Amino acid sequence: MELVAQDIVAGYASGPDIVRGVSLSAQPGTVTTLLGPNGCGKSTFLKTLSRVLSPRSGSVQVGSSELHALAPREAAKLVGMLAQQPIAPPGITVSELVERGRHPHRGLFGGLSTADKHAIEEALDVTGVTSLGSTYVADLSGGQRQRVWFAMVLAQDTPVILLDEPTTYLDPAHAIAVLSLAREQARAGKTVIMVLHDLMLAGAYSDRLVLMKDGALVSSGTPAEVLTSKNLAAVYGLEAEIWEDPSSDSPVIVPRGVC
């Protein structure tokens, strides 16, 4: 399902605008990644796309629905989000946490339906954490915990998946595993939008990039179109050479210093 954000302006309480007129169109079957320096508004923009934060102006359309006009439960059937550094309630097991992803689909009373159980089992299997079902989330490693949170989002079974810095604190192997899961979900027809800091990983695992600075859009397009020496200098103050990778469409970035 397509997600279209139009001229989003957003901020917190009575503070200044953090996001200033940013637009985005993300298609089913693709991974779109938001990039930019710390404090540029990436996570604030993603929260607006998830309905966690209401825009001061602009709109977020998911399919034929205006996301911010929907009831919370209906919105949660369209968009699932893995937040930065989520915190699990104490004493909760992996299966119990993943089960919470089915909340938007369940009635006020009664247990898990057959559809609920199937979605939970599939989410555990896809993320490779089935064997951890009875393990307490607090006892997991960082990589395991991130996959479990991803499983909860997958159990929610939404056409749009948002991931806010899903590789934070992960070693390279676990980071690649999580991004591979995101790519697999896109190949299955989902619309995936992420926030990342690692430019090389963003280029390798994304179809489109959105580069932001100071709350505004600087560049959007394919990795090759966005990850240019000019853009990296303007946004990050980074001097870098950009090399073509003969094995992929994503460029190789070779940092040479700061501007």
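Everything below is about the structure shown above.
Residues numbered from 1 in each chain as written. Predicted model: local features only at pLDDT ≥ 70, side-chain atom pairs only at ≥ 80, totals over all residues. Heavy atoms only, no water.

Student: Which residues make up the overall build of the protein chain, and what are the values?
Tutor: When helices and strands are tallied, the protein chain shows 9 helices and 12 strands. What you see for the protein chain is a C-alpha radius of gyration of 19 Å, in line with the 18 Å of a compact globule of 259 residues. Seen through its principal axes, the protein chain has C-alpha atoms that stretch 60 × 40 × 30 Å. For the protein chain, the proportion of its 259 residues judged to be buried stands at 47%. (Helix = DSSP H or I, 4+ residues; strand = E, 2+ residues; numbered from the N terminus. Rg over C-alpha atoms; globule rule 2.2 N^0.38 Å. Buried < 20%, exposed > 50% of the residue type's maximum accessible area, 1.4 Å probe, protein only.)

Student: Before we move on, could you go through the sheet that holds strand β10 (residues 216–221) and cite the residues and values that matter?
Tutor: Strand order in the open sheet formed by 6 strands is β6-β7-β8-β3-β9-β10, with mixed pairing between adjacent strands. Edge positions in the sheet fall to β6 (79–82) and β10, since each has one partner strand and no second. Between one strand and the next, the sheet's axes are offset by a mean angle of 15 degrees, whatever the strand orientation. Across 5 bridges, the pairing between strand β7 (residues 160–164) and strand β8 (residues 191–195) is parallel. (Pairing = 2+ DSSP bridges. Axes fitted to C-alpha atoms, helices over the stretch in contact; angles between N-to-C directions.)

Student: Now, about the pairing of β10: what can you tell me, with residues and values included?
Tutor: In this sheet, β10 lies alongside strand β9 (residues 208–213) in antiparallel orientation, the contact comprising 5 bridges. Its bridge partner lying in β10, L211 is registered against S219. The antiparallel hairpin formed by β9 and β10 contains 2 residues in its connecting segment, where D214 sits at a positive phi of about 55 degrees.

Student: Tell me about the nonpolar core, residues and numbers included.
Tutor: In terms of nonpolar packing, the biggest core is built from 47 residues, with L35, V94, V98, L163, V192 and M194 touching the most fellow members. Broken down by element, this core gets its largest block of residues, 8 residues, from helix α5 (residues 142–156). Once residues within four sequence positions are removed from consideration, L163 is found in contact with L46, L82, F150, A182, V192, I193, M194 and V195. Counting 27 residues, the second-largest nonpolar core is a separate cluster that includes A5, F45, L46 and L67. (Core = buried A, V, L, I, M, F, W, Y, C linked by side-chain atoms within 4.5 Å. Contact = heavy atoms within 4.5 Å.)

Student: Outline the state of the cysteines, supporting the account with residue identities and numerical values.
Tutor: The full count for this structure, using the stated rule, is 0 disulfides. Summary of cysteine pairing: C40 is not part of a disulfide, and the nearest cysteine sulfur, belonging to C259, is at 17 Å. You can call C40 buried: its relative accessible area is 2%. (Disulfide = S-S within 2.5 Å.)

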